[in-house]
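Structural features, examined
So the chains spell out like this:
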Amino acid sequence: MKKHHLLSVMVLLFVTVTFSAQTVSTLYASTDAMIRRNGLFGDNENHGDYPFINMHAWTNQGMFVAHRSLIEFDLTEIPADSIYYATLKLYSDRNTTFYPEGHVYLQDLPQNDLVIYRITEEWGEYEVTWNKRPDVTFDNEVYVPATSQGFMDLEVDVTDLVRDMLDDPENGHGFMIQLLTEFFYTRTVFASSDNEYHEFHPRLEVGYSTERISENSLNEQFKVYPNPTPGVITVVSLQNSNTKPYSITIVNGLGKEIISRENISQNRIGFDLTLQSKGLYYINIYRNELLIGTEKIVVQ
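For the structure given in this document, a descriptive report is provided here. Predicted model only: the values in this text are computed from it and were never measured.

A look at the overall build of the protein
Helix and strand content of the protein: 2 helices and 20 strands. Counting every position in the protein, which comprises 300 residues, the buried fraction comes to 52%. Long-range contacts, defined here as pairs at least 24 residues apart, represent 75% of the contacts in the protein between residues at least 6 apart. Counting every atom, the protein has about 14600 Å² of accessible surface; 49% of that belongs to carbon and sulfur.

Considering the packing of aromatic side chains
This structure, assessed with the given rule, holds 12 aromatic pairs. Centre to centre, the rings of Tyr50 and Phe52 are 5.8 Å apart; their planes meet at 65°, and the pair counts as edge-to-face. Phe52 carries the same exposure label as Tyr50, and that label is buried. Counting every residue linked through ring pairs, the aromatic cluster contains Trp58, Phe64, Phe183, Phe184 and Tyr185. If you follow Lys223 out to its NZ or CZ, it ends over the ring of Tyr225, 5.4 Å from the centre.

Some words on the nonpolar core
In this structure, Leu88, Val158, Phe175 and Leu204 are the most contacted members of the largest nonpolar core, which totals 31 residues. Where this core is concerned, the elements lending two or more residues are β4 (52-60), β6 (83-90), β8 (114-119), β9 (136-144), β10 (154-157), α1 (159-167), β11 (175-179) and β13 (203-209). Excluding anything up to four places from it in sequence, Leu88 contacts Phe73, Ile116, Leu154, Glu155, Val156, Val158, Phe175, Ile177, Arg203 and Leu204.

Observations regarding the pattern of salt bridges
Across all of its chains, the model carries 8 salt bridges by this definition. Its salt-bridge partner being Arg36, residue Glu45 comes within 3.5 Å of it at the nearest N-O pair. Given a relative accessible area of 43%, Glu45 falls into the partly exposed group. A salt bridge links Asp160 to Arg163, with the shortest nitrogen-to-oxygen separation between them at 3.8 Å. With Asp160 and Arg163 both in helix α1 and 3 residues apart, the pair spans about one turn of that helix. Overall, Asp160 belongs to the partly exposed group, its relative accessible area being 24%.

Rules used throughout
Residues numbered from 1 in each chain as written. Predicted model: local features only at pLDDT ≥ 70, side-chain atom pairs only at ≥ 80, totals over all residues. Heavy atoms only, no water. Helix = DSSP H or I, 4+ residues; strand = E, 2+ residues; numbered from the N terminus. Buried < 20%, exposed > 50% of the residue type's maximum accessible area, 1.4 Å probe, protein only. Contact = heavy atoms within 4.5 Å. Areas by Shrake-Rupley, 256 points an atom, 1.4 Å probe, with all protein chains shown as cover. Phe/Tyr/Trp six-rings, centres within 6.5 Å; stacked < 30°, edge-to-face > 60°. Lys NZ or Arg CZ within 6 Å of the ring centre and 35° of its normal. Core = buried A, V, L, I, M, F, W, Y, C linked by side-chain atoms within 4.5 Å. Salt bridge = Lys/Arg side-chain N within 4 Å of Asp/Glu carboxyl O.

Printed below as a string of structure tokens:
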């Protein structure tokens, strides 16, 4: 159900799956809107019920037009200090006749790459306009590469942005998505929560622990190195593991488990990530099926 004001009462659709001390929640957008710059003086029209998340630079009767999109998810049920990944999922509406070409560019090279910012001010879905757009911060902004595919769904790691929203909720009011370079003619477009096809609605998948993740506890019990790494890492137990076996899972930035080891008794164990893509990974360490800590590593 869409909300008309951030403080209004609403029912939020979500799916939660729990495995031992891990929980994965899929949140559907509570609020989204498109804002449009029309010419030199912006635009005072509201587009809160626009059926598309549309990032777009074009011309209209010789006048420059730019579209950006705002989207927010209700994070109140997510523990502030325990997430290990967050993935924003946007879907192309393959049935649309409004944008039948999907993502497009009319230049020699694709220039429809995107950037995602954290919104730091409250905004109303049915009040926001280009000229009344909320402020954003560049902290932990996320870059999304260009695509030459007409219809391509998007899954992007927004873990750091979501962590920032949870750590500072007064300055965490969703995402603003725009073209990195707003120069015509180019577009990247997905379905919004007002789209008639529910299966294309945007969502945010968040993986988190039902137990508090203590970085101090992890640092006292384990050491993970090198970080950043070219691919090979070592996990060292600083305690006697023969009496307290532990388990390790490694997940990528999209939350997909790529390595799992159980009942580890040795004090030192290595993992080879050289065949994995470069980027963020999370090492989760368990004892007695309880998550005792997590560490973020970077594969270069």
